[in-house]
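# Geometric and topological summary
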Amino acid sequence: MPAMGGGPTGHAMLDAARAALGEPPLPPDTTGVSAMPGLGGPLPVDELACGAVLAQLLAARRLNGGRGPVELDARHVGFAFRSERHVRLDGVPAGAGFAPWSRFWRTADGWLRLHANYPHHERAARLVLGEGSPDAVAAAMPAEQLEAAVVAAGGAAAAVRSPDEWARHPQGATVARLPLLSLTRVADAPARAVPPSGPRVLDLTRVIAGPVATRTLAAHGADVLRVDSPHLPELPGALLDTGPGKRHTLLDLAASSDRGILEELLRAADVLALGYRPGALDAHGLGAAALAARHPHLVVVRLSAWGTTGPWRHRRGFDSLVQAATGIATAYGDDERPGVLPAQALDHGTGHLAAAVALTALARRRDEGGTWHGELSLAQTAHWLTASGVRATTAAEPAGDVTPYLVTLPSPLGRVTVVAPPGAPAWVRGPVPAGHDRPQWEPAAQEGEPA
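The following refers to the structure shown. Because the structure is predicted, anything quoted here is derived from the model rather than measured.

Here we take up the nonpolar core. Inside soluble globular proteins, nonpolar side chains tend to come together where they are buried. Membership of the largest hydrophobic core comes to 89 residues, with the highest contact counts inside it found for Trp306, Leu353 and Leu385. Those residues in contact with Leu385 that sit more than four places away from it in its chain are Leu43, Pro44, Val45, Leu48, Ile328, Leu341 and Leu346.

Set out below in structure tokens:
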């Protein structure tokens, strides 16, 4: 199914991902992408989306011993990258949207983007902008000054920068020196096979990118157990969208008893997906060096907004903020105001790439042994998007009906309808409420311990 009519092939992103993973070039005709309207716009979002999905499908094929070409319906990819728009609970739209304060704000010298979907982030923004005339307060301050004030208050914000301004920024310059992603053998360890019932994935991620990665791994047969803090609840719509195929438990890592439970889970896990800010969980023994020393069998995949190096490495970030800071919002804007990507493609693209990293690492652990750690960030994905040199398509939103790409799953919450995973088997169970499950691996996943 080769691409036709100038549609996206995904080869540019796929080649970049495989090169960063240290994978060999693909033989001709290994992949095919159907031609149809894509996500479109001035940047190659279609290439990003198709290539990221192809990367994880090929990694799953390698791990599972599959053969033959991988064919992809790009229209399906377009809907999957907007999956939050199509979630239904008992037929009623239930996806997570943006809160009123999560928008662009006019400043004295440009624009600021806030992310205030979570109550604690909105409180921080309100603390800086006040309750009376927040737009007037914003309009009186330079964007970077306002950005710094919101961040200092514990909020999440980014001044809208041009691509050149981001390139001159210390964090932008740091990110530009990084590869698209990394997968590193950090220590020696015996070879270890994946359990016959599928890999066990401990999911300590939030929002979209990390949960998309683990949702994808669940579609490939992983036993995914998501762990959240009882003091940091997730948005219900986000759990519906990214929860299919997973179980969900709550652990308070500040409590020694719950840390002990987490340690038991790690001993039997194959993959740990981390999506918190770099360093945020180090005090709980989840730093890279500590994990490699205690659990050399464990594949660790870390996702962050800005990367693990540079002055912003500890800063909060979301897809919308990375778009604003890196020049994407400028590219999609006009003379009146900044714009946005046609999907939260940095989140979704990075999520699929993270799944590719995890699957590739599992294959290497089986074939070569070793302790494997991977790292990705939304900012690195954004850099590929703005600097790849790939010609963008200009097609509008995907045409046609989303219905053929939907699946309705049973859930304790009701009947949940979501976009099925492109190119992979559909999940057999729907999302569950937060804390629905005990903090343990499924019995089936304990059969046939790895050698």
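Past the structure itself, the notes keep going.
Let's shift gears to the sheet that holds strand E7 (residues 157–159). Pairing within the open sheet is antiparallel, and its three strands lie in the order E5-E6-E7. Edge strands, defined here as strands with exactly one partner in the open sheet, are strand E5 (104–106) and E7. Taking each pair of neighbouring strands and ignoring which way they run, the sheet shows an average axis angle of 25 degrees. In this sheet, strand E6 (residues 111–114) lies alongside E5 in antiparallel orientation, the contact comprising three bridges. Paired with Arg106 across the two strands is Trp111, which belongs to E6. Where helix H6 (residues 143–152) meets the sheet, its contacts fall on E6 and E7, and the angle it forms with E7 comes to roughly 165 degrees.

Turning next to helix H16 (residues 378–387). Here H16 lies mainly inside the structure; seven of its ten residues are buried. Just past H16, the residue Gly389 takes up positive phi, approximately 80 degrees.

The strand order across the open sheet formed by seven strands is E8-E14-E13-E12-E9-E10-E11, and the pairing between neighbours is mixed. A strand with exactly one partner marks an edge of an open sheet, and here the two such strands are strand E8 (182–187) and strand E11 (246–250). Adjacent strand axes in the sheet meet at a mean angle of 20 degrees when their direction is disregarded. One ladder, built from five bridges, connects strand E13 (residues 299–304) with strand E14 (residues 371–377); its direction is parallel. If you follow Leu303 over to E14, its bridge partner there is Leu376.

Working note: a packed helix pair is described by the angle between its axes plus the distance between those axes. Between helix H2 (residues 45–64) and H16, the least distance of the axes is 9 Å, while the angle of their chain directions is 130 degrees. It follows from the interaxial angle that H2 and H16 lie oblique. Pair H2 / H16 crosses with right-handed handedness. Residue-level contacts link Val45, Glu47 and Leu48 of H2 to Thr381, Trp384 and Leu385 of H16. Grouping the amino acids of the contact of H2 with H16 by side-chain chemistry returns four nonpolar, one polar and one charged.

Under the criterion given, the structure shown has 23 salt bridges. Among the ionic pairs, Arg294 bridges to Glu263, the shortest N-O distance being 2.7 Å. With Arg294 in helix H12 (residues 288–294) and Glu263 in helix H11 (residues 256–268), this pair connects stretches of sequence that are 31 residues apart. In this structure Glu263 comes out as buried when scored by relative accessible area, which is 16%. Here Arg267 makes a salt bridge to Glu264, at a shortest N to O gap of 2.2 Å.

Residues Val271 and Ala273 of strand E12 (residues 271–274) are buried on one face, and the alternating residues Leu272 and Leu274, pointing to the opposite face, are buried as well. Looking at chain direction, strand E9 (residues 200–204) and E12 are connected through four bridges and run parallel. In the sheet register, Asp203 faces E12, and the bridge partner there is Ala273. Bridge analysis of E12 against E13 gives four bridges, and the strand direction is parallel. Opposite Ala273, over in E13, you have Val301 as the bridge partner. Traced from E12 through H12 to E13, the parallel crossover comes out right-handed.

Contact pair helix H9 (residues 209–219) / helix H15 (residues 345–368): the axes reach a minimum separation of 7 Å and the direction vectors enclose 50 degrees. One element, H9, and the other, H15, form an angle in the oblique class. In this structure, the crossing between H9 and H15 has a hand that is right-handed. Residues Ala209, Val212, Ala213, Arg215, Thr216 and Leu217 of H9 form the contact with H15, whose own contacting residues are Asp347, His348, Gly351, His352, Ala354, Ala355, Ala358 and Leu359.

This structure, assessed with the given rule, holds six aromatic pairs. Between the aromatic rings of Tyr118 and Phe318, the centroid separation amounts to 6.3 Å while the plane-to-plane angle is 25 degrees, which identifies the pairing as stacked. Here Tyr118 is found in the loop between E6 and helix H4 (119–129), whereas its partner Phe318 is found in the loop between E13 and helix H13 (319–326), with 200 residues between them in sequence. Overall, the relative accessible area of 4% leaves Tyr118 in the buried class.

Bringing H4 into the picture now. Listed in full, the buried residues belonging to H4 are His121, Ala124, Ala125 and Leu129. All buried residues of H4 project into a common sector of 120 degrees when viewed along the axis, lining one side. When the buried face of H4 is taken as reference, the exposed residues oriented beyond 90 degrees from it are Pro119, Arg123 and Leu127. Buried residues in H4 make contact with E5, E6, helix H5 (134–139) and H6.

The rules behind each value
- Residues numbered from 1 in each chain as written.
- Predicted model: local features only at pLDDT ≥ 70, side-chain atom pairs only at ≥ 80, totals over all residues.
- Heavy atoms only, no water.
- Core = buried A, V, L, I, M, F, W, Y, C linked by side-chain atoms within 4.5 Å.
- Buried < 20%, exposed > 50% of the residue type's maximum accessible area, 1.4 Å probe, protein only.
- Contact = heavy atoms within 4.5 Å.
- Pairing = 2+ DSSP bridges.
- Helix = DSSP H or I, 4+ residues; strand = E, 2+ residues; numbered from the N terminus.
- Axes fitted to C-alpha atoms, helices over the stretch in contact; angles between N-to-C directions.
- Parallel < 35°, antiparallel > 145°, perpendicular 65-115°, else oblique.
- Left-handed = near helix turned anticlockwise from the far one by under 90°.
- Nonpolar A, V, L, I, M, F, W, Y, C, P; charged D, E, K, R; others polar.
- Salt bridge = Lys/Arg side-chain N within 4 Å of Asp/Glu carboxyl O.
- Right-handed = clockwise from strand over helix to strand, strands pointing away.
- Phe/Tyr/Trp six-rings, centres within 6.5 Å; stacked < 30°, edge-to-face > 60°.
- Arc of directions from axis to C-beta.

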